[in-house]
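Below, each chain spelled out in residue letters.
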Amino acid sequence: MKTNPTVNLTIDGRPAAVPFGATILDAAREAGVRIPHLCKHPWIHRLASCRLCLVKVAGVDGVVAACTTPVAEGMNVTANDDDLLRRRRQQMQFILLNHPLDCPVCDKGGECKLQDLTYELGVADVPFRARIGEQRIDKLSPLIERNDERCIRCGRCVAVCEEVQAVGAYKFAGRGYDVRIDTKTGGPLDCEFCGQCVAICPVGALLSKQFKHQARVWELTHTTTACGYCGAGCQLELETRRGRIFRVESDRKRSLNHGQLCVRGRFGWDFTHDSRRAASPLIRRGGELAPATWDEALDAVADGVRHALAGGGPEAVAALASARLPVEDIWALGQLFGASRTAVAGQDAYAAALRIVRERLGHFGSTATFADLREADAILLLGSDLAAEMPVPHLAALAASREGDARLVVAHPTPTKLERFATARLRFRPGAADATLLLLLRELVEQKGQRVDFIMKHTDGFAVFKAGLDRLDVADLCARTGLAVDDVRAAAAALAGAQRPVAVLGPQALAGARASAVTGLAIDLLLALGNVETGLLLSADRCNLAGSMLAGAAGSSAGVIEAGMAGRLGALFICGGDPLVYGLGADQLRKAMEVTGFVVACDSFAGETAKKAHVFLPTTTFAERDGTYVSAENRALTLTPAVPPLAGAWPECKIVGELAKRLGKPAPAETLAEGEIAHSLFGAAAAPREARHLAAFLPRLKMPADGKFHFGELPVAAEPPHGDLLLVVGPIFQHNGSLSGWSKAIAQVAAAPFIELHPADAVRRGLRAGDRARVAADGVELTAAVRLNDALTPGVAFAPPHFAAFPAGRLLRDAPYAAVTVAKQSG
Amino acid sequence: MGRIYFSCWGGRLIDNRGKPAEQWAAPADLKLPFTFKTTDDVRAFMGWDGFFLAADGVSVVALCRAYLEAVQREASCGECFPCRVGTRIAAELLARLCQGVAVAGDLAQLEPLLADIAAASKCQVGQTAPRPVLKALAHFRDEFAACVGSGRAIPPVQLVTRVAAPCQEACPAHLDIPIYVEDVKKRRYLDSSDTARLNCVMPTVLGRVCVRPCEAHCRRANVDEPIHIKYLKRFAADYEKRLGARPLRRAGARSGKRVAVIGAGPAGLACAEKLAQAGHAVVIFEALAEGGGMAAVGIPDYRLPREVLRREIRLIEELGVEIKYSTRLGDPGFGWAELQQMGFDAIFLGVGAHNSNKLGAEGEDQAYKGFVHGVAYLRAVAEGRETVGGKKMVVVGGGNVAIDCVRTALRLGFDDVHIIYRRSRKEMPADAVEIADAEEEGVHFNFLCNPTRLLADAAGRLTGVECLRMELGEPDASGRRRPSPKAGSEFTIPTDVLIPAIGQSPNLAFLQGADKIGVSKWSTIVADGCTGATGLPGVFSGGDCVTGAATLIEAVAAGNRAAISIDRYLLCPAPPELDDRQCMERLLASIKTYDPQEKIALPKGLPRQGFAHLPVATRIRNFDEVEMVMSAKNAETEAARCLRCFRLAGVVL
């Protein structure tokens, strides 16, 4: 890559050397010269609207904006003099002209650019007059309050929503001094509520309603920790006072996610302080769950486990762990119950994918990082609704497509946000991801789009592989996938010749029994495209999904549930989460719990699963504890507790330690020595607390010993499910698992469950939007409100699984889709 | 010939205050906008450079107030502080002066405030709005001072205004260039494409082949290099195409009226698109088997891939426009008389100019093998039909058709390809980029020579062409120096193929017997330049068949204008009239909006951001598109160089 030549210039007499293409403002920063500015922000294009950074360039009349003027060799800049100061004060006077004197009641106080600049520039009065029209304050939008009186119309919010989120919820409305920043619809906000606008607003015009009038920012202590929702591995700043979180932000300069968050990370933290938090262990006495002390509860658990062991040996006790548990806790569970009897709940498919990656590439997990995703020139999203699974990394895919000219191929059974930006779309039938990949590979090779030099140098087995592709029955595969061969050709053309392709595999691809086949084919695709080293990204919609697999949970979730249903378990330890609400095979789990003699549930809230347990143990949230997560891009992130644990709640590792003591087993290391367990598990260097934001990567992919990767054997495409209506169950961006259901903030933007139907499917069943429908599969019957979406493929419906009132997971077996019947709810 | 009471426009001060009205005649060489709708109906004009008064009786203070209020209401986008707030403060100051309630401090504040706004503003709106008011303050100080504390109200004046940028005014179709360029900078690519589509029916096409008069009027050129306006349009339009996104435009509610459009070239397609959006049913009758006119059969695929054009036409058909291909007006059974009987409420003629002009060389009517006219050659290649072959080709002409012929020939196996042109390189009307690409591909250019006689063998096969050397004399009507032959300078160029490409004219045989539709001596249809109206009510025309062979964008612009006239005519059949917006467009077209000598106070910035070309070795034997679309990064960087030269002009009638 050609490096830019260095340009030398002088600013206020000081020398500066910056790359060609840099601006005077960049150079000033380098030279240590302060030039006041307000509207500039690295997330967006140079607005140049505040005109505070006006400077003088020798040889040029007048003044120019430093933020948008490129440097030139030998340029001589005056950045500070009396005239410039006068002009800067005047810009401030323009802003302050009708700005309300709200500082005493404005939450932005203490971190407000207007305050800071007024003070810095010494603006004491405003000698102008202008009439201002009616200014509205929007109190109707959820989570975000928009105060038009305080808005200085800098345009940062309009820009960030369009350029970063590709939502474009805001616009400038009107002209001249009457201009306002309004929502595109004119009504309340109806957007992703990521809060990037709140973070970027320099004044108190866009405020978090959650934080409004709660605290003064200078009173808050900042703790950097990892987010406990999805596998993006975002780093949060939990801002606390006296043991309570008041606000969550993210450090723009130091965090891995560059300060960008989603609605869950930014607003959905309130469950930690929710009054419904479980604060006391519960023991079932006489059919009812009643409060007990920790000693009583742990004794009861130990009794139950001992009884089960006596009756059936070690095989009679198993644990289902949530993928949110830190590495240390999962490891402790595995130590106590045995690795083969500890499973991560509902994640068998993901585990199978990891096994294939280990077999084929000798590597654990993803090979691509989010930075690789951003730099990709072709991205295949297979069965992944990235915007819902991992919202912040999906911004990297967006940027790659819009800023980096990357070709996006979106292959998914239902409409997703990124489909709008795709160069090619493959709406495959639910369950047909493997057949889709077979078609894609065949078309790619047919178009000679594979990287011949890479294949020759670094692989073997391609000739046989290609012969297998040639023998494929294209018509049959098209019938299975529901795809037109022209669309597959267009998708292959979009990927062909890519220099830096990335394939993202999500839950609709790594589904059920097909996960291994799909993963293998994805690896073959990346081999054909010449990039396994930085090309494979396994989407992880839990904060420690990757890490949980590394920490010694070798069991199969389906196996544990099956053993339970067959009566082979004497004790079942459900550690974390509410799998009766959320998760594959929820109905099978219900049956298993009914049969198993002794069931323990642990979680921060006593949910549906707790109600059916014999003992319930309250646990801490991510904000209250230590631990290590491994994110989807294989980074080991350290948790730092920001608030003390709720009285009565324990971290899972402590529970396991106490249980081990009672069972006469050696206690797994209780104290989380800094990164010791993580280090021993996967050799990740422990990051010292001060440098926690750096978050070490796990080891990257290495070339195999014989120097070559091998093409795999072509699997036979499975028969996808058939039915009049196939329901695809997948995440929505507002929620994550069942945990977000306990957040009152999230409830404001997505409270109600629904099932989405194509209008034709609805009409045929006499259903209209808003009607209640009966959704049934496999003996399970649920009800939900109907929504219509004409972007769906007819015959395919969509529902999110997050809601206790409509636990769609119960309709599923081992894959996130199922044939269902939908009928109007009578009465 | 107008009158001037006072003018400080265009760098010239004419102050006739105190002089008798007979001495107010305007100097012949001063171009001022004296006429809005009827001759000399403008009483005052104020714009970015100053103002002029055609008579006394217009209050300069009221004029300034109206101007700044118009800036606030119509021009200021509100995004930068000095313009948004500053011009409002100044407008209110002027309002108080006009109302007689201003104090001395108000007047003292006005002048430095205006100067500061002009210095600090981000774009030309804020940079130019203060200028005429500052000039008014300089020359009419007493009038302003008299307002302070006068207690007397000066009645407001009405301004008819237009906000436009020089690039926009230079574009025949007045595309909103600064907005669509800004949208690229703001990463609103689809909005950018939709904005271009408001005035331009096929942005993916124009973004590849427009002659871009806008770039010749780009103020950025005064700083460093003009903005790549055409390629930015292509970038946004190609992005829309890449995503398979649908443009925002929709067919309007059905009016019940039917319009016939003759010719699916750029003029006809533009007219049809606008009429469909207005709700009228449109049927296009196209003589060829494919739409696009010259864009399809005149422009080779390496400049404009056929699929790009076809997609645009499909999008127009999706608006409900019906296109009947292979239906030539003038063929038996479909003549002018038959067309009149088909029940259309209006007709647009956009038949283009497809008859190639003759060389005036001896032997050109002998039908020698190897002699074919340029447009016929290109059409044959475009339609995949067999045409002349050989190793050596000579093309006569200096326009884009000539360049298209030689570059096409190279791709079809000709080894030795020449252009002969009677003037010098400087006078060649072809696109400079095309000429450079042709040179890169190995085309030989022979300037200052003209063919006089075709040479052929006994079998009637062309063997060569005899030429005369030329020399350049005085400029002719087109402004280019007239070539004259040098006596005794004959020489021969041997060749297999000779192709004249020296201009085209329309084939109007179908109009024989058509009443009231005038035909000029150059075989063009007589139609009004602004309304497109012909002498026959209900029949309109535009594009090459009216102007003679010209550019794509002019044809599009003509189609747009005709559509407006037709829409009005369908609502109420009356002689066509121009509305205020059209009058202001015409008014601004009569004065200079771009000054290549203007000194702009900015240091030189980044160079024009480029895009990739296919290398010659790759492209020379096929018709693959030579120019690649810009990268998003380059497009955004390039768009950020735009100075956003919106200015406000207003007239008092």
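Structural notes, computed from the coordinates. Since we're looking at a predicted model, the values are computed, not measured.

**Considering the nonpolar core**
Then, in step 1: Grouped together as the largest cluster of nonpolar side chains are 340 residues, with contacts concentrated most on Leu380, Leu440 and Phe573 of chain A together with Phe51, Leu53, Leu68 and Phe144 of chain B.
Then, in step 2: With sequence-adjacent residues up to four places away left out, Leu53 of chain B is seen in contact with Arg3, Ile4, Tyr5, Phe6, Arg43, Ala44, Val58, Val60, Leu63 and Phe140 of chain B.
Then, in step 3: Ranked by size, the runner-up nonpolar core spans 28 residues in total, among them Val375, Ala409, Leu410 and Ile419 of chain B.

**Observations regarding the packing of aromatic side chains**
Then, in step 1: As enumerated under the stated definition, the model contains 26 aromatic pairs over all chains in all.
Then, in step 2: Judged by centre distance (4.3 Å) and plane angle (5 degrees), the ring pair of Phe605 of chain A and Trp742 of chain A falls under stacked. Here Trp742 of chain A lies in the loop between strand 30 (725-729) and helix 25 (744-749) and Phe605 of chain A lies in the loop between strand 25 (598-603) and helix 22 (608-611), a separation of 137 residues in the sequence. The exposure classification of Phe605 of chain A matches that of Trp742 of chain A, with both residues buried.
Then, in step 3: Above the ring of Tyr302 of chain B, the side-chain terminus of Arg411 of chain B is found at 3.9 Å from the ring centroid.
Then, in step 4: When the ring centre of Phe445 of chain B is taken as origin, the NZ or CZ atom of Arg425 of chain B, which lies over that ring, is 6.0 Å away.

**Some points on the sheet that holds strand 12 (residues 235-241) of chain A**
Two orientations exist for strands paired in a sheet by backbone hydrogen bonds: parallel and antiparallel.
All names here are of chain A.
Then, in step 1: Spatially, three strands are ordered 11-12-13 in an open sheet, and the strand pairing comes out antiparallel. Sheet topology places strand 11 (221-226) and strand 13 (244-249) at the edges, where each strand pairs with a single neighbour. Mean inter-strand twist for the sheet, computed between neighbouring axes without regard to direction, equals 35 degrees.
Then, in step 2: As judged from the six bridges shared by strand 11 and strand 12, these two strands associate in the antiparallel manner. When the sheet's bridge partners are listed, Thr223 is paired in strand 12 with Leu238.

**Some points on the environment of Arg88 of chain A**
Residue and element names in this part refer to chain A.
Then, in step 1: Examined against the element boundaries, Arg88 turns out to sit in helix 2 (residues 82-96).
Then, in step 2: Classification of Arg88 by relative accessible area gives buried; the value is 2%.
Then, in step 3: A distance of 2.8 Å separates the side chain of Arg88 from the backbone oxygen of Leu54, its partner in a polar contact.

**Details of the environment of Gly312 of chain A**
Then, in step 1: Within the secondary structure, Gly312 of chain A is located in helix 7 (residues 294-312).
Then, in step 2: Sequence separation between Gly312 of chain A and Gly174 of chain A is 138 residues, and the spatial gap between their C-alpha atoms is 75 Å.

**Section: the interface of chain A and chain B**
Then, in step 1: Facing 50 residues of chain A, the contacting portion of chain B comprises 45 residues.
Then, in step 2: When chain A packs against chain B, the two sides together hide about 4200 Å² of surface, and 55% of this comes from carbon and sulfur.
Then, in step 3: Its largest share of buried area at the contact with chain B, chain A owes to Phe94, Arg129 and Arg175 of chain A, together 14% of the area lost on that side.
Then, in step 4: There are 25 residue pairs in polar contact (both at pLDDT 80 or more) connecting chain A and chain B.
Then, in step 5: If you tally residues by element for the side of chain A that touches chain B, the top one is helix 2 of chain A, at six residues.
Then, in step 6: Here the residues of the side of chain A that touches chain B sort into 24 nonpolar, 10 polar and 16 charged.

**A few points about the pairing of strand 14 (residues 282-285) of chain A**
All names here are of chain A.
Then, in step 1: Relative to strand 15 (residues 288-291), strand 14 is paired through four bridges, and the arrangement is antiparallel. What sits directly across from Ile283, in strand 15, is Ala290.
Then, in step 2: The antiparallel hairpin formed by strand 14 and strand 15 contains two residues in its connecting segment, where Gly286 sits at a positive phi of about 60 degrees.

**Describing the environment of Leu378 of chain B**
All names here are of chain B.
Then, in step 1: By secondary structure assignment, the location of Leu378 is in helix 16 (residues 374-382).
Then, in step 2: For Leu378, a relative accessible area of 5% gives the class buried.
Then, in step 3: Linking Leu378 and Ala296, residues 82 residues apart in sequence, is a C-alpha distance of 9.6 Å.

**A word on helix 3 (residues 113-121) of chain A**
Residues and elements named next belong to chain A.
Then, in step 1: Looking only at helix 3, the buried set comprises Leu114, Leu117, Thr118 and Leu121. For helix 3, the arc enclosing every buried residue in end-on projection is 100 degrees, short of the 170-degree limit, so these residues lie on one face.
Then, in step 2: With its phi angle positive at about 65 degrees, Gly122 sits one or two positions after the end of helix 3.

**Observations concerning the pattern of salt bridges**
Then, in step 1: Inspection of the entire model under this criterion finds 117 salt bridges over all chains.
Then, in step 2: We note a salt bridge from Lys212 of chain A to Glu145 of chain A, for which the minimum N-O separation is 3.0 Å. Of the two residues, Lys212 of chain A is situated in the loop between strand 10 (206-208) and strand 11 and Glu145 of chain A in strand 7 (residues 144-147); the sequence distance between them amounts to 67 residues.
Then, in step 3: A salt bridge links Glu466 of chain B to Arg453 of chain B, with the nearest nitrogen and oxygen atoms 3.0 Å apart. Of the two residues, Glu466 of chain B is situated in strand 15 (residues 462-475) and Arg453 of chain B in strand 14 (residues 449-456); the sequence distance between them amounts to 13 residues.
Then, in step 4: Overall, the relative accessible area of 18% leaves Glu466 of chain B in the buried class.
Then, in step 5: On the basis of relative accessibility, which here comes to 30%, the residue Arg453 of chain B falls in the partly exposed class.
Then, in step 6: Connected via shared salt-bridge partners are Arg303, Asp404, Arg407, Arg411, Glu434, Asp437, Glu440, Glu441 and Arg619 of chain B.

Reading guide: rules and limits
- Residues numbered from 1 in each chain as written.
- Chains lettered and ligands numbered in written order.
- Predicted model: local features only at pLDDT ≥ 70, side-chain atom pairs only at ≥ 80, totals over all residues.
- Heavy atoms only, no water.
- Core = buried A, V, L, I, M, F, W, Y, C linked by side-chain atoms within 4.5 Å.
- Buried < 20%, exposed > 50% of the residue type's maximum accessible area, 1.4 Å probe, protein only.
- Contact = heavy atoms within 4.5 Å.
- Phe/Tyr/Trp six-rings, centres within 6.5 Å; stacked < 30°, edge-to-face > 60°.
- Helix = DSSP H or I, 4+ residues; strand = E, 2+ residues; numbered from the N terminus.
- Lys NZ or Arg CZ within 6 Å of the ring centre and 35° of its normal.
- Pairing = 2+ DSSP bridges.
- Axes fitted to C-alpha atoms, helices over the stretch in contact; angles between N-to-C directions.
- Polar contact = N/O pair within 3.5 Å; in protein donor to acceptor, adjacent residues only side chain to side chain.
- Buried area = accessible area lost by both parts, 1.4 Å probe.
- Nonpolar A, V, L, I, M, F, W, Y, C, P; charged D, E, K, R; others polar.
- Arc of directions from axis to C-beta.
- Salt bridge = Lys/Arg side-chain N within 4 Å of Asp/Glu carboxyl O.

Shape descriptors only; they carry no functional weight alone.
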